[in-house]
Protein chains: 2
Amino acid sequence: MVIKKIAILFSGTGSNLEKLLADLHHKTFQHCRIEVATTICNRPDAQGIEKSRRYGIEPLILDHTQYANREAFDEALVHAIRASGAELTVLAGFMRLLTPVFTQNIKALNLHPSLLPLFKGGNAIKESFDSPMKVAGISVHYVNEELDGGEIIAQRCFEKTEGMSFEAFEAKIHALEHELLPLTVKNLLDRTYHES
Amino acid sequence: MVIKKIAILFSGTGSNLEKLLADLHHKTFQHCRIEVATTICNRPDAQGIEKSRRYGIEPLILDHTQYANREAFDEALVHAIRASGAELTVLAGFMRLLTPVFTQNIKALNLHPSLLPLFKGGNAIKESFDSPMKVAGISVHYVNEELDGGEIIAQRCFEKTEGMSFEAFEAKIHALEHELLPLTVKNLLDRTYHES
């Protein structure tokens, strides 16, 4: 059985991190077994740190405020990911803009809470909710130099219900995220050589 | 029981026309009974004409080639719709650009086979299919001066399946259209005075 290693980067509560760990870590699929080789966090006080520990993985803390610039921070990320042996990196609520130092060296995917190419950027949930559209959704995409602009890998959509509150809307977005992100990572990794 | 009259405009096969007639014509809902007061077609050879007749409605043929310009054609449309007593007009595969002569005088809604504001214009199905997005959908919107630019009333979305053919994609679009258009018309009309 082939072992496929992934790295998970996070900044906050780690709800997507937790779902990835629960669904994928040390799990065997049709063509591979997935291992979370490392989790990396840029905020020393992130709630997700405790969640990672619960799965037996001590997160690597790379505090971005301790680096001279974005490039130096990204170099540290690249070094840590390479050292872990991860072939795929998952950004699970990782709130840092990445430079080419990262994007040109690491194959990574990101979760974005809108139907890309609509509502790129940091206010996607609010903008989707406020928009005249009657549907909304989420996207998993490859990370490249352009913010939220890399190739789309998977999307989920839903219809806004009449009178839906922002809280209900946001909860729906997060529920879809927790479903789609582990599934997409699994689908990307669990292929035979000829399919990949 | 309040009677609400609608007009339906079409140009082609009339599959959405037929669904509107089947679901709404002479049907009683919670707060109203809906009647299709007139059907209007701009092509004397359209297949939809026979479908309208099957529901006992002889379509009014307004052949756009017989009018000096778009405005003159639109005047004839406006006149016919007003004479019918319809309070709402439904464009069901009606393939004519409309001028302000129409849009400023008639409350009309249109069906567009994409998730507006994405993929406006005449190639929406092909463009949605070819796009890097993994979801697609349809929109019902009010008609204004801007092509496919009026207020969105309702949308439905779906996820493209892996290896989905264009034919299967198009069939899915049409299936959603047949579901959403009559439902949206019904929801717009079947309200009490205070809700409307």
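On a predicted model such as this, the values are computed, not experimentally measured, just so you know.

Asks: Even after reading the chapter, I still don't get the interface of chain B and chain A, so can you show me in this structure?
Replies: For an interface, size is often stated in terms of accessible area lost upon the parts coming together. Taken residue by residue, the interface counts 18 residues in chain B and 18 residues in chain A. Each partner contributes to the roughly 1400 Å² buried at the junction of chain B and chain A, and carbon and sulfur atoms together form 64% of this total. A per-residue breakdown of the area chain B buries against chain A is headed by B:K134, B:C157 and B:E159, which together make up 33% of the total. Across the chain B-chain A interface, the total number found is two salt bridges. Close ionic contact of A:R156 with B:E159 constitutes a salt bridge, the shortest N to O distance being 3.2 Å. Where chain B touches chain A, the interface holds eight residue pairs in polar contact (both at pLDDT 80 or more). Within the side of chain B that touches chain A, the residues separate by chemical class into 12 nonpolar, one polar and five charged.

Asks: What is the right way to look at the relation of the copies chain B and chain A in this model?
Replies: A rotation about an axis combined with a shift along that same axis relates the two copies of the chain. Relative to chain A, chain B is turned by 180° and slid 0.0 Å along the rotation axis, the superposed coordinates differing by an RMSD of 0.0 Å. Such a combination of turn and shift is consistent with a two-fold rotation axis. Among all residues of chain B, the one whose C-alpha sits closest to the rotation axis is B:C157, at a distance of 3.2 Å. Comparing contact sets, 100% of the residues at the interface of chain B also lie at the interface in chain A, consistent with an isologous, same-surface contact.

Asks: Teacher, can you tell me more about the pattern of salt bridges here?
Replies: Opposite charge on two side chains makes pairing possible when the charged atoms of those side chains draw close. Counted under the stated rule, the structure contains 16 salt bridges over all chains. The salt bridge involving B:E50 is made with B:R53; its shortest N-O contact spans 3.5 Å. Of this pair, B:E50 and B:R53 both sit in helix α2 (residues 48-54), three residues apart, roughly one helical turn. The network of salt bridges with common partners includes A:E50, A:R53 and A:E58.

Asks: Teacher, can you tell me more about empty space enclosed by the protein here?
Replies: Empty space among the atoms becomes apparent when a probe as large as a water molecule is rolled across them. Applying the stated criterion across every chain yields a total of two cavities of 30 Å³ or more. Each pocket or cavity is described by its volume, and for the largest cavity that value is around 40 Å³. Surrounding the largest cavity, A:S114, A:L115, A:L118, A:F119, A:S128, A:S131, A:M133, A:V135, A:A136 and A:G137 form its lining. Counting residues per element, the lining of the largest cavity draws most heavily on strand β7 (residues 135-142) of chain A, at three residues. Residue composition of the lining of the largest cavity, by class: six nonpolar, four polar and no charged. Taken as a whole, the second largest cavity encloses approximately 30 Å³ of empty space. Per element, the largest residue contribution to the lining of the second largest cavity is three residues, and it comes from strand β7 (residues 135-142) of chain B.

Asks: Which parts of the structure should I look at to understand the packing of aromatic side chains?
Replies: Ring pairs (aromatic) are described by centroid distance and by the angle formed between their planes. Overall, the coordinates contain 10 aromatic pairs over all chains when judged by the stated rule. For the pair A:F158 and A:F169, a centre-to-centre distance of 5.5 Å together with 50° between the ring planes defines the contact as tilted. One end of the pair, A:F158, is in strand β8 (residues 152-159); the other, A:F169, is in helix α6 (residues 166-189), and 11 residues separate them in sequence. A:F169 shares its class with A:F158; the two are buried. Aromatic side chains B:F129 and B:F166 sit 5.3 Å apart centroid to centroid with 80° between the ring planes, which places their arrangement in the edge-to-face category. With B:F129 in helix α5 (residues 124-130) and B:F166 in helix α6 (residues 166-189), this residue pair connects regions lying 37 residues apart in the sequence. The class of B:F129 is partly exposed, set by a relative accessible area of 23%. When its relative accessible area of 23% is taken as the criterion, B:F166 is described as partly exposed. Through pairs of rings, three or more aromatic residues link up here, namely A:F129, A:F158, A:F166 and A:F169. The ring of A:F73 carries A:R96 above its face, with NZ or CZ at 5.7 Å from the centroid.

Calculation notes
- Residues numbered from 1 in each chain as written.
- Chains lettered and ligands numbered in written order.
- Predicted model: local features only at pLDDT ≥ 70, side-chain atom pairs only at ≥ 80, totals over all residues.
- Heavy atoms only, no water.
- Contact = heavy atoms within 4.5 Å.
- Buried area = accessible area lost by both parts, 1.4 Å probe.
- Salt bridge = Lys/Arg side-chain N within 4 Å of Asp/Glu carboxyl O.
- Polar contact = N/O pair within 3.5 Å; in protein donor to acceptor, adjacent residues only side chain to side chain.
- Nonpolar A, V, L, I, M, F, W, Y, C, P; charged D, E, K, R; others polar.
- Least-squares fit on C-alpha atoms with pLDDT ≥ 70 in both.
- Helix = DSSP H or I, 4+ residues; strand = E, 2+ residues; numbered from the N terminus.
- 1 Å grid on protein atoms, 1.4 Å probe; cavity = no way out; pocket = protein on both sides within 12 Å on 5 of 7 lines; lining within 4 Å.
- Points joined across faces, edges and corners; volume = space filled by probe spheres on them.
- Phe/Tyr/Trp six-rings, centres within 6.5 Å; stacked < 30°, edge-to-face > 60°.
- Buried < 20%, exposed > 50% of the residue type's maximum accessible area, 1.4 Å probe, protein only.
- Lys NZ or Arg CZ within 6 Å of the ring centre and 35° of its normal.

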